[in-house]
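Given next are the chains, with one letter for each unit.
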Amino acid sequence: MTALRLFLPVMLALALWQGAVTLLAMPPFILPDPLRVAGTLWTSRALLADHAMVTLTEVLAGLALGAGLGWISAVGLALSPGAARLLRPLLVFSQAVPVFALAPILTLWFGYGIGSKIAMTLLIIYFPVTSAFFDALMRPPAGWEAMARVMGGSPARILWHIRIPAALPGFLSGLRLAAVYAPIGAVLGEWVGASRGLGYLMLLANGRAKTDLMFAALLVLAVLTLALHRAVDRGCLALEARRLR
Amino acid sequence: MTAPALRLTGTARVGGRVLFGPLDLAVPGGEWCCLLGPSGAGKSSLLHLLAGTSGAVTLDGSARAGDGAPLAGRVALMAQTDLLLPWLDLCDNIRIGARLRGTRPSRAQAEALLDRLGLAGMGARKPGALSGGQRQRVALARTLLEDRPVVLLDEPFSALDVATRLAVQDMAAHALRGRTVLHVTHDPAEAARLGDSILLLAGGQIRAVAPPPDAPPRAPDATATLSATGHLTRLLLEAA
């Protein structure tokens, strides 16, 4: 059933794609047909896998670092209302700066290698994670905190034993968003300057009019993003269910 | 541990509107006092004023212990909602107070308490798997384990079936003997059965009603208990 639900839209998209190529008589270097891309996908599988691994490493490292830093920041802000008042607008302002504009400078600071891509990914996911977790921390369900205060709990222990566990769903929804954004960060970083990764490969293929390889890399990236999102989503659901059972 | 008396005087307001008062409520130290009244009379707010968790309700007056020392740290509150933490098992829920204070009471103690409340062997379960009545008993166990001289109970037996309710009332009456208990209820039979003293909060005023002569917990079907239940029911009807 699930296979069928996926199969039909994919077939429709492929048919539209093939239709456009045939009707508009596109030359292959402008828009290659699906079969040609599938062929390239197969013949260049080693190359694609190699570059996909680099991108995946950047994404996972950025995701782990961004989630960790977001967690620490949100808890820090929740512990200190003063700091929250001071830093929250700064955090929002940081989101007003387009991350794309920062990519060249990150390459300058962290080098041509994997470091600048991880930094880019981290920057893109840091805000959604911090913001979702912080908002959840500041809105514990009514009653729990009052009960904890009557029991004589210190603010730090109330945070640790009540507010953080109660806010975990908020953190997880931030993490789900982050899983979708993270590949964007990594590929952006690769576009600005890299020698490896799917973003680099797409740019290279484009420059040499190997449009079929560009599309193949794009497909791999899309599948990678979907798989990551699904894995994180499944992981979050399993964690939430296990916690309450 | 000596159980202090409780005294609440003054007028309570919610956003400028008078909730109750001016009144003068006194609970003698070491006694079980039942506070009866119709819904919305301010019974729960009165408990929260004593516990210091009143939120939007303000008191123009004072809520304090008879011995003059602060109440903070000497009160256990069982609120109307069970407030169980869904991610902790029952034993850890019962012991949450100790954890919040940085100590660690034994799991065996929590298990024994569950056992006495008819929840034997359920310590490792999570609250999500429980019925309303079971959850209420766990909340009561948590309140009892706090081991405080002043205990504030807000409808603590409302979700229990008749047989369980009587058993749990007996257990609580024995466990809390010698402590100052203020027990909010809207059930006249419960007040007639458990109260060393009975107070009626209606129309913003407190009124003392004589309890049956024998010591609580009283037999639910004893003539004196039944007649007190009838009398309290009549008073509640008149107040409504």
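Note that the structure is predicted; figures quoted are calculated from it, not measured.

## Observations concerning the pattern of salt bridges
Residue and element names in this part refer to chain B. Throughout the structure, instances matching the rule amount to 18 salt bridges over all chains. Residues Arg107 and Asp92 are paired through a salt bridge, measuring 3.8 Å at the closest nitrogen-oxygen approach. Highlighted residues: Arg107 in helix H4 (residues 107-116) and Asp92 in helix H2 (residues 90-94), separated in sequence by 15 residues. Its relative accessible area of 14% is what places Asp92 among the buried residues. With its nearest N and O atoms 3.8 Å apart, the salt bridge here joins Arg107 to Glu111. Residue Arg107 and its partner Glu111 are both found in helix H4; the two are separated by four residues, about one turn of the helix. The network of salt bridges with common partners includes Asp89, Asp92, Arg95, Arg107 and Glu111.

## Section: the packing of aromatic side chains
All names here are of chain A. Under the counting rule described, the total for this entry stands at four aromatic pairs over all chains. Put simply, the rings of Trp71, Phe133 and Phe171 touch in pairs and so form one group of aromatic residues. Here Arg45 stacks its cationic end above the ring of Trp42, 3.9 Å away from the centre of that ring. Above the plane of the ring of Tyr112 lies Lys117, whose end atom (NZ or CZ) is 5.8 Å from the centre.

## Points about the nonpolar core
Core analysis: the biggest nonpolar cluster contains 41 residues, and Trp32, Ile94, Val138, Leu140 and Leu153 of chain B have the highest contact counts within it. In terms of residue count, the dominant contributor to this core is helix H5 (residues 132-145) of chain B (six residues). Other than its neighbours up to four places away in sequence, Leu153 of chain B contacts Trp32, Leu47, Met78, Leu140, Thr143, Leu176, Val181, Leu182, His183 and Val184 of chain B. Counting 34 residues, the second largest nonpolar core, distinct from the first, contains Ala84, Ile164, Leu168 and Val232 of chain A.

## Some thoughts on the sheet that holds strand E4 (residues 57-65) of chain B
All names here are of chain B. With respect to topology, three strands assemble into an open sheet ordered E2-E1-E4, the strand pairing being antiparallel. Both edges of this open sheet fall to strand E2 (17-27) and E4, since each of them pairs with a single strand only. Sheet twist, expressed as the mean angle between neighbouring strand axes with direction ignored, is 5°. Pairing analysis gives eight bridges linking strand E1 (residues 6-14) to E2, with the strands arranged antiparallel. Paired with Thr9 across the bridge in E2 is Asp24.

Cut-offs used in this document
Residues numbered from 1 in each chain as written. Chains lettered and ligands numbered in written order. Predicted model: local features only at pLDDT ≥ 70, side-chain atom pairs only at ≥ 80, totals over all residues. Heavy atoms only, no water. Salt bridge = Lys/Arg side-chain N within 4 Å of Asp/Glu carboxyl O. Helix = DSSP H or I, 4+ residues; strand = E, 2+ residues; numbered from the N terminus. Buried < 20%, exposed > 50% of the residue type's maximum accessible area, 1.4 Å probe, protein only. Phe/Tyr/Trp six-rings, centres within 6.5 Å; stacked < 30°, edge-to-face > 60°. Lys NZ or Arg CZ within 6 Å of the ring centre and 35° of its normal. Core = buried A, V, L, I, M, F, W, Y, C linked by side-chain atoms within 4.5 Å. Contact = heavy atoms within 4.5 Å. Pairing = 2+ DSSP bridges. Axes fitted to C-alpha atoms, helices over the stretch in contact; angles between N-to-C directions.

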